Every structure is written in C-alpha cells, then in structure tokens.
Amino acid sequence: MFEEKFNELSYSEKNQFGSIVNRLLLKGFIVRDIFDNKEKIVKISPDYRFIEKRYDLINDYLSFSNWRIEIDKILGVVTLFNDNDENRIKLDRETSLVLFVLRQIYENERNQTSISGESIYITTPILIRTMLEHGILMPGKKLTGRNIAKSLRFLAQHNIISKVSGNYDEGNVAFYIMPSIVYALDNEKIAAMSQALDNLNKKDEGVLNDETINQD
C-alpha cells in the first residue's frame, strides 16, 4: 500500500519526502512558522506544508518502525512520537533547567497575548534574569550567556528555539521560543521541576535563617 502511494509521487516529491522524514527523525519537531535568517522575516515552512499534504503517507512509512507524527494545527507543530517509548533523549541538568525556564516564559507570554501558535521573542539576558529571579543556578558554574550556550544550541538543533541574531559562544543570542516547546516538556515534568525548585529554595532559606539565628 505504501509503495503504491509513494510511487505516485513525482521525482522531486520523493526526494523531498526522504529529506523531511530524515529531519523529523533527527529533530523531533517541524514548526509551521519559521524565522528566515536571509530575509529576516517569519515565514511558513515548506516542510510543514508538505507534511500536511502527505500526512497519511509519512505515517504509513514511519509505522514500520513504530513511529508516528501528529499535527497540532493550532500551535502549528508537527511532533514525532515513538509508540514503544524508545529513542528518547535524556537531557543534562543544565539543559533541563534552561528548557524549564523557557517553557515558563513561553506560557506567561502566551497567556498575556492570548495568541496560540505564536513564537516568543527573547534574548539571553532576559533568560538569565528570569533564571536568577527564580533562584535557578548552574551547579558549579556562574550563570552567564556563554555557560548556557551549549543548551541553547541543542534546543535550536531540535526546533525548540530559533536563533535570530548573535553568537552562542559570546552569550549574546536573540531567539524565538517556538511553540514546539509545549511538546518538548509536558505538564507533569513542569510540576515536578517546580516542586523540586520550591523545595530547594525553601531549604536554602532555612539555612540562611539558621545562620542568622546562630549569629545572634
């Protein structure tokens, strides 16, 4: 069945099909509205449009390996899922913290604007300031743009953020938080991380209070 439908595609569509499936497997997300660095505008992704058009065919192909895609047309996100819950990427602690804060920023901004599917523009200094306000630090490291560069680069590679300008290693990046972040970190994990951070902050406050009492 798949082979018959695939052979109905033109030569260029077959090449496009292969390229898009590979990008899906590599990145995990395809986002509808992307920032074009050459034209300096947000435009509709041709990959997203192709997936919309060939959704059933792509899923037929992916099903052989227990993969599937789903399209959130409101947010404009194509997400890749594995039905066996395999091939999941385990994030390091630093990237997990950065992702958590970016998700919080995204949700706060989206609630204020009430616009679904819109990317949120942000800069590295804003991200760092937000992390400091929430008492989120990097273990053994100073919280700087350079020290979170690895995490931001990783998130960009997986279509969770999209760089607009600046240099990761110089710590001065401006970027969009993409709506795919909603699927990159689910609500249960957000709740668990929030609770863990709250407990950590309370513990730190308790230490400070004990030190104050001892000094008296």
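What counts and what doesn't
Residues numbered from 1 in each chain as written. Predicted model: local features only at pLDDT ≥ 70, side-chain atom pairs only at ≥ 80, totals over all residues. Heavy atoms only, no water. Axes fitted to C-alpha atoms, helices over the stretch in contact; angles between N-to-C directions. Helix = DSSP H or I, 4+ residues; strand = E, 2+ residues; numbered from the N terminus. Parallel < 35°, antiparallel > 145°, perpendicular 65-115°, else oblique. Left-handed = near helix turned anticlockwise from the far one by under 90°. Contact = heavy atoms within 4.5 Å. Pairing = 2+ DSSP bridges. Buried < 20%, exposed > 50% of the residue type's maximum accessible area, 1.4 Å probe, protein only. Arc of directions from axis to C-beta.

## A word on the packing of helix H5 (residues 93-113) against helix H7 (residues 149-157)
No. 1: Interaxial distance between H5 and H7 falls to 9 Å at its minimum, and their mutual angle equals 65 degrees. Here H5 lies roughly perpendicular to H7, going by the angle between them. Taken as a pair, H5 and H7 cross one another with a handedness that is right-handed. When H5 is examined against H7, the residues Glu94, Thr95, Val98, Leu99 and Leu102 are found in contact with a partner set consisting of Ser151, Leu152, Phe154 and Leu155.

## As for the sheet that holds strand E1 (residues 29-31)
No. 1: Pairing within the open sheet is antiparallel, and its three strands lie in the order E1-E5-E4. Where the open sheet ends on each side, the last strands, each with one partner, are E1 and strand E4 (67-72). Between one strand axis and the next, the sheet turns through 20 degrees on average, direction left out of account.
No. 2: Here E1 pairs with strand E5 (residues 77-82) via three bridges, running antiparallel. Pairing of Ile30 across the sheet is with Val78, part of E5.
No. 3: Against the sheet, helix H3 (residues 46-53) contacts E1, E4 and E5, and its axis sits at roughly 105 degrees relative to E4.

## Notes on H3
No. 1: Within H3 the residues assigned to the buried category are Asp47, Tyr48, Phe50 and Ile51. Projection of H3 onto a plane perpendicular to its axis shows the buried side chains occupying an angular sector of 160 degrees, all on one side. Every exposed residue of H3 that faces more than 90 degrees away from the buried side is listed here: Pro46 and Lys53.
No. 2: Turning to H3, the residues buried within the fold contact helix H2 (11-27), E1, helix H4 (55-62), E4 and E5.

## Digging into unusual backbone geometry
No. 1: Positive phi outside glycine occurs at Lys40, with the angle close to 60 degrees.
No. 2: Relative to the assigned elements, Lys40 resides in the loop between strand E2 (33-36) and strand E3 (41-44).
No. 3: One non-glycine residue, Asn66, lies in the positive phi region at around 65 degrees.

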